Amino acid sequence: ILPDKAYDQMWTPQLAGTHQGISWMLRDYKERYASVYHYGGDDGFRSVCHLIPEERLGVVMVSNSDATPMEDILTLALNTALGIESDDLPGTPAT
């Protein structure tokens, strides 16, 4: 929807030494994929939007509970989509 230049600016660190773009956090996922993400929520609900642009991959999660293990579910979803073994999750059976 936006011009590529807008994404480039939003997904570039805005302060030296930080991992924060414009409304997006920036990090490497599994030390291999550049990713951008944004978490949100309030009492009783949580949300996350996590993108790996080079793979044209995005995961959006919303929950009506602040007790939902969002990070575990997100990691499983990203790993599954990327074909990565998910043996680093709590409760994952040994293969």
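Anything mentioned here points back to the structure above.
These lines cover the structure that appears in this document, whether it is placed above or below. (Residues numbered from 1 in each chain as written. Predicted model: local features only at pLDDT ≥ 70, side-chain atom pairs only at ≥ 80, totals over all residues. Heavy atoms only, no water.)

## Focus on helix 2 (residues 70–82)
- When the terminal C-alpha atoms of helix 2 are compared, their 18 Å separation across 13 residues agrees well with the 18 Å that a helix rising 1.5 Å per residue should span.
- The set of residues buried in helix 2 consists of Met 70, Leu 74, Thr 75, Leu 78, Asn 79 and Leu 82. The arc that holds every buried residue of helix 2, seen down its axis, measures 150°, which confines them to one face.
- Packed against the buried residues of helix 2 are strand 1 (25–29), strand 2 (33–42), strand 3 (45–52) and strand 4 (57–63).
- Of the residues flanking the end of helix 2, it is Gly 83, one or two places downstream, whose phi is positive at about 75°. (Helix = DSSP H or I, 4+ residues; strand = E, 2+ residues; numbered from the N terminus. Expected span 1.5 Å × (residues − 1). Buried < 20%, exposed > 50% of the residue type's maximum accessible area, 1.4 Å probe, protein only. Arc of directions from axis to C-beta. Contact = heavy atoms within 4.5 Å.)

## Description of the pairing of strand 1
- Alignment of strand 1 against strand 2, held across five bridges, turns out to be antiparallel. The residue bridging Met 25 from the neighbouring strand is Tyr 37, located in strand 2.
- Connecting the antiparallel pair strand 1 and strand 2 is a turn made up of three residues, with Lys 30 showing a positive phi of about 55°. (Pairing = 2+ DSSP bridges.)

## What about the packing of aromatic side chains?
- Counted according to the given criterion, the structure contains three aromatic pairs.
- Between Tyr 7 and Trp 11, the ring centres sit 5.1 Å apart and the planes meet at 45°, which makes this aromatic pair tilted.
- Under the relative-accessibility criterion, Tyr 7 is labelled partly exposed at 23%.
- The interplanar angle of 85° and the centroid separation of 5.8 Å between the aromatic rings of Tyr 37 and Tyr 39 together place this pair among those described as edge-to-face.
- Members of the aromatic cluster, joined through ring pairs, are Tyr 7, Trp 11 and Trp 24.
- Between the NZ or CZ atom of Arg 27 and the centre of the ring of Tyr 37, over which it lies, the distance is 5.4 Å. (Phe/Tyr/Trp six-rings, centres within 6.5 Å; stacked < 30°, edge-to-face > 60°. Lys NZ or Arg CZ within 6 Å of the ring centre and 35° of its normal.)

## Quick notes on the nonpolar core
- Formed by Tyr 29, Tyr 33, Val 48, Ile 52, Leu 57, Val 59, Met 61, Met 70, Leu 74, Leu 78 and Leu 82, the largest nonpolar core amounts to 11 residues.
- For this core, the secondary structure elements donating two or more residues are strand 3, strand 4 and helix 2.
- Examining the composition of this core, we find that four residues originate from one element, helix 2, more than from any other.
- In contact with Leu 57, other than residues within four places in its own chain, are His 50, Leu 51, Ile 52, Leu 78, Ala 81 and Leu 82.
- Trp 24, Leu 26, Val 36 and Leu 51 belong to the second largest nonpolar core, which has five residues in total. (Core = buried A, V, L, I, M, F, W, Y, C linked by side-chain atoms within 4.5 Å.)

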